[in-house]
Structures are given as structure tokens and as C-alpha cells.
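# Fold and geometry: a report
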Amino acid sequence: MIICHPLKLIFLKTKKVGGTSFEIALSSFCGPDCVITPISPNDEQTRQDLGYKGAQNYENPTWPDGTRSQMTFYNHMSAAQIQANIPRDIWETYQKISMIRDPYDGAISRYCWEGGPKTGLTFGQFVGYFRSFLSENTSIAPTSGPHQVDRWLRYESLQQDITSLNINGLWDRFSNLRTKSNQRPTEGYSVREIYAQFPEALQIIAKECRDVINLGGYQPPKIIRPNAPIARNELNFDRLFTISAGRTATAWLAKMLGENLGVQAVHEPLGITDFGTKMPDIQALRTFNTYGMDHRLREFWPQKLQSMDPPYIETNHTLAKCGLIEGILNNGFAKSTVIVILRRNLIDQCVSYIMRGDFQNVTVEWQWYLSPNYPNVMIDPKPFIPLGQIGRAIWYCYEMEARQEYYLQKHQHQIRFIEVSVEEISKPNGAKKFLEVLGYEGSVYLPPKENANQENEEMRYALREQVELTMGGLVFDAHSIAASYIRSGRDLAVPTLSVESS
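The present account deals with the structure reproduced in this document. (Residues numbered from 1 in each chain as written. Predicted model: local features only at pLDDT ≥ 70, side-chain atom pairs only at ≥ 80, totals over all residues. Heavy atoms only, no water.)

Spatially, the five strands line up as an open sheet ordered β7-β8-β6-β9-β10, and their pairing is parallel. A single partner strand is all that each edge strand has here, and the edge strands are β7 (264–266) and β10 (416–421). Taken over all neighbouring pairs, the strand axes of this sheet differ in orientation by 20° on average, direction set aside. With five bridges connecting them, strand β6 (residues 239–243) and strand β9 (residues 337–343) associate as parallel partners. Following the sheet pairing, Leu240 is matched in β9 by Val338. Across the sheet, helix α19 (residues 388–411) is in contact with β6, β9 and β10; its angle to β9 comes to roughly 145°. (Pairing = 2+ DSSP bridges. Helix = DSSP H or I, 4+ residues; strand = E, 2+ residues; numbered from the N terminus. Axes fitted to C-alpha atoms, helices over the stretch in contact; angles between N-to-C directions. Contact = heavy atoms within 4.5 Å.)

Have a look at this one:
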């Protein structure tokens, strides 16, 4: 940070924008009364070797009017802090300048500066966990409000912008400096390469850095994944979701579709700020299955659906349990959306729940599955509850199969549904046929299985026999149940006056 009296200029130093080099160059125009905050020892040595003024007057400086500050000024000090600790006429009459950089490029630079892969985080994780880094420069140098900067130097056009300051010799001195220029690898870290691997970071940066993006007119990078086999406009959908129960290989499906189609494919958006915005929270699931599509859910769905840049894939199995189909229909996305009805062998599916203990804790039912205590369900839970965890798991499997049939029968003329099973699409021929329906023709990549249970096979075999025997004693026809539910005038999005299930 520099307050240069001869130039009547205040430089607010932001991060990872070439600010140190500019600060060194600018210090050459400072007099003995100017405020120059300290930088790193190596950079101070560079400044000294060039014969420029070093750190000075940053502790309790005396101003030209004779007043004295009680503040110690420091590097990356914010505009609000500076204004509060300098004479009013200096703030109002000096030109306040700072630097901005394309946030999509700057985030990569910050990741590398912090250690890159040595942090133990991928770039996508870094952006997600440390999003405060993305917006901290606007805390230093606001783009609007009472502390806003007067003049911005864009990292991408520094020669033009520095020259426009009309400070003779400043550009020449700056252009000969290259401080902190060796932190970013030359290969594998271009904007196109990074965001091809971590497209989820684009939306986070767009949100966190909105002010800088608007100020600089920056655009998100146009990326093509290195393994993308087809052009995006050959796909026959804008958005793809699933209606499926949990433990039906939805994580695997997201990876399979993303790798083969070369588009953004998300399993579940689980960032801290995603719940309630991109990811339904417990309240959303409980609300839909108790009260139907209330005002909160009517606000959630357009917000989520409109935030997605097509083509977009999300295989999150919770969505259909809290109004996904209704949200798509109510907000005009039906024609451009594909819904995959994803099924798995019910016995294997049920065994998976039991081995994980999924139905031993009510909060798991509320967050991820369905509770038999909800008033608006399609399968009467009474025969299942006395059977304990096995009964609750079977009830959930049947309830989700009935809901798949319900949506298929009720909306098949409004939304495009594709029915597949995990068993068929996890094999080369089945995967090939499925991808062809989506507009892809070419070789097929099948990722390794995700989230597979590792428990012993003896336990699995015993449970499988028990579940199969229990299911054999129950009558279940999803198609008939859905048809009867619809004929009776009932609706999953509207609570019924009767608590009796079909």
C-alpha cells in the first residue's frame, strides 16, 4: 500500500494481480514523507538494489497538514481502514487506484501460490472450500460504495492502463520487474485445461466474483473437455436428472455420463452453501412429503434450475423426492429435460441399505430417503413396520418404484423419460445403447464402481435370502398402484385429506 504525495495518489494493493511489481515501480516516485508499507525481504532487496525508496512512514505517519496518525499501515490494507486513518482531504482529493484480474485466471494463480496439489486439494476443492479467497480483493478495494476505487488497472492490459495514468516512466520501470512470477507451472494450468477438469468451480467463481467480473467485462472460459468425443450441440437435451432410490449407482452414473459425453455431470452438490440452494435440505424433503409444493419449494426450484448452464447432468436421487418433476413442469424446462428412471434389482438394493444400517436412524430417512410416517405416501407402511429394518428398507424400495411409475404414467407426454436398469447400463452393450439415446455415438468408457459395500459376502448372502423370502410373501405391482393412485385423484405434490394410502 502506498500513499504518494507528489502524485496525489493512493495505491490499494490487491492480491495475485502483479501488485508487488507495481508497488516497487511506484515507490520510485515517492518522496521522504510518503507512506510505503513493507513487502517481503526479497522484494525489499529488489527495491533497494534499484535505488527506490523502501518501506517508510507506515507507523504513525505525519501528514502534510502536520497531523499525526495513530495507525500502523500495512500491506493489503483495505480502503475502509485507510479512509478512517488519513485526513479527509487526502482521501477526497487523491486518486485511488488498484488492480483487478480475470477471476477465472486469478483463482488458478492463487491455488498455485498456496501450494497447488501440495495442499492435498484439487483445484475444484480449493475453490469450493476457500471461496473467501475469491472475493477478498473487493474487500480491500471495493468496486462500489463509499470506499470505492477511482481507477482500475487490469492485469490483462497493464501497459495500456498504466500508461493512461500519465506518469512518465512508470510503465518502463514496472515492465522490467518480474516478482513472484515463478509460482505457476507452465503446463497443465491453463484456464481451459483447469476448468475442463473442474467445471464446478466456474459457478462458484461467477457468484463470488460477480462485482469484478462485471467491472472488467470478464467472461467465463469456453472449455472443451480433453476427452469430449462429440460437440455439445449434438446432445439432445439441456438438462438430465434421475428418478431413483439411493444405492442405485447414481454416483457411478454421473461419472460415466460425464466421461463419455464430455459435459458437466454432478452426483450431489454437497458444498456447505449448496444446501437449500442447489441441494435440497432436510426441510425440503420433509415439507414436500408432508405439505406438498409450498412457497419455499416453489422458490427453490426456479433458483436451482436457472443456475445451471446447459448441458448439465445431475444424478442426485433426493431431487425427485421433493418436487423435481413438478419444478421442471412449473418453470418451463420440460421440453429440454431428460429424466432417467434408474432401477436396480430390488433385493440387492434392499440388502445394501440393511448392511449400511440406513434405516436405523430417522435423520437418514429425512435427509436421503423417505419416512413411512409421511402422510402422503403411495405404499401403505403398516405391513412393513413390524418387520423392523428389513421391513422399512423394503417399504422404501417399493415406494420409490411406485413413484417412478406415478411420474412416468402421469407426465410421459410432457417430459422425456428414459427407463434403464443399473444392471444393463453397467455393461458395454447396455451403456452403448443408453448413450446413443442421448445423442452419443462412439467408444464407451465404463468407470469402476463407486461406493461399493465392502462387507463380507457371507453376510450379504444370508441377508439376500432373508429379503427375498420376505418380499416373496408380499404382493407388489408398481404399475397398478400408480394407476390407482392417479385415478383416485391423489397427487404427490398436494397433501390428501385422508391419511390412508393406496
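Additional details are given in the paragraphs that follow.
With that settled, the discussion passes to the sheet that holds strand β3 (residues 35–36). Pairing is mixed in the open sheet, where five strands are placed in the order β3-β1-β2-β4-β5. A strand with exactly one partner marks an edge of an open sheet, and here the two such strands are β3 and β5 (151–154). Inspection of the sheet shows strand β2 (residues 9–11) paired to strand β4 (residues 95–100) by three bridges, in the parallel sense. Note that in β4 the partner of Leu9 across the bridge is Gln95. With respect to the sheet, helix α1 (residues 19–27) is in contact with β1 (2–4), β2, β3, β4 and β5, its orientation differing from that of β2 by roughly 150°.

Another aspect to go through is the packing of aromatic side chains. Applying the stated criterion to the full structure yields 24 aromatic pairs. Seen in terms of ring centroids, Tyr104 and Tyr195 are 6.2 Å apart; in terms of plane orientation they differ by 85°. Their pairing is edge-to-face. Of this pair, Tyr104 sits in helix α5 (residues 103–114) while Tyr195 sits in helix α10 (residues 191–197), and the two are 91 residues apart along the sequence. Both residues of the pair, Tyr104 and Tyr195, count as buried. (Phe/Tyr/Trp six-rings, centres within 6.5 Å; stacked < 30°, edge-to-face > 60°. Buried < 20%, exposed > 50% of the residue type's maximum accessible area, 1.4 Å probe, protein only.)

On the secondary structure map, Ser69 appears in the loop between α2 (41–49) and α3 (79–84). Those residues in contact with Ser69, other than ones at most four positions away along the chain, are Asn60, Pro61, Trp63 and Asn85.

Below, the discussion takes up the nonpolar core. Counting residues in each nonpolar core, the largest one holds 61 residues, and the members touching the most others are Phe241, Trp301, Leu324, Ile328, Ile339 and Tyr396. Leave out the neighbours within four places in its chain, and Ile328 touches Phe241, Leu305, Phe333, Ala334, Thr337, Ile339 and Ile415. (Core = buried A, V, L, I, M, F, W, Y, C linked by side-chain atoms within 4.5 Å.)

The subject of this paragraph is the state of the cysteines. Under the definition given, this model contains zero disulfides. Left without a disulfide partner, Cys30 is nearest to the cysteine sulfur of Cys4, which lies 3.9 Å away. The buried category is assigned to Cys30, whose relative accessible area is 8%. This cysteine, Cys112, is not joined by any disulfide, and Cys209 carries the nearest cysteine sulfur, 16 Å off. Taking the relative accessible area as the measure of exposure, Cys112 reaches 7% and is therefore buried. (Disulfide = S-S within 2.5 Å.)

Turning our eyes to something else, we now look at the side chain of Asn316. Within the secondary structure, Asn316 is located in the loop between β8 (312–314) and α16 (324–330). On the accessibility criterion, Asn316 (0% relative accessible area) is buried. Looking at Asn316, its side chain comes within polar contact range of the side chain of Glu314, at 3.2 Å. When sequence neighbours within four positions are dropped, the list of residues in contact with Asn316 reads Thr242, His267, Glu268, Pro269, Met279 and Pro280. (Polar contact = N/O pair within 3.5 Å; in protein donor to acceptor, adjacent residues only side chain to side chain.)

Looking now at the pairing of β4. Burial runs high along β4: five of the six residues are buried. Pairing between β4 and β5: four bridges, direction parallel. Counted as the bridge partner of Ile97 is Arg151 from β5.

Put simply, α19 and helix α23 (residues 478–487) touch, their axes get as near as 8 Å, and they point 55° apart. Here α19 lies oblique to α23, going by the angle between them. The two elements α19 and α23 meet at a crossing, and its hand is right-handed. Along the contact surface, α19 presents Glu401, Ala402, Glu405, Tyr406, Gln409 and Lys410, while α23 presents Ala478, His479, Ile481, Ala482, Ala483, Tyr485 and Ile486. (Parallel < 35°, antiparallel > 145°, perpendicular 65-115°, else oblique. Left-handed = near helix turned anticlockwise from the far one by under 90°.)

Our focus in this paragraph is the packing of α5 against helix α11 (residues 200–208). Axis separation between α5 and α11 bottoms out at 10 Å; the angle between their running directions is 110°. Comparing the axis directions of α5 and α11 gives the class roughly perpendicular. The crossing of α5 and α11 is right-handed. On α11, the residues that touch Pro103, Tyr104 and Ala107 of α5 are Leu202, Ile205 and Ala206.

This next bit is on unusual backbone geometry. For the bond from Pro310 to Pro311, the omega torsion is 0°, close enough to zero to count as cis. Inspection of the secondary structure assignment puts Pro311 in the loop between α15 (295–306) and β8. Despite not being glycine, Asn166 shows a phi value in the positive range, around 60°. Relative to the elements of secondary structure, Asn166 occurs in the loop between α8 (158–163) and α9 (170–175). Given the relative accessible area of 72%, Asn166 is considered exposed. A positive phi angle, close to 65°, is found at Ala249, a residue other than glycine.

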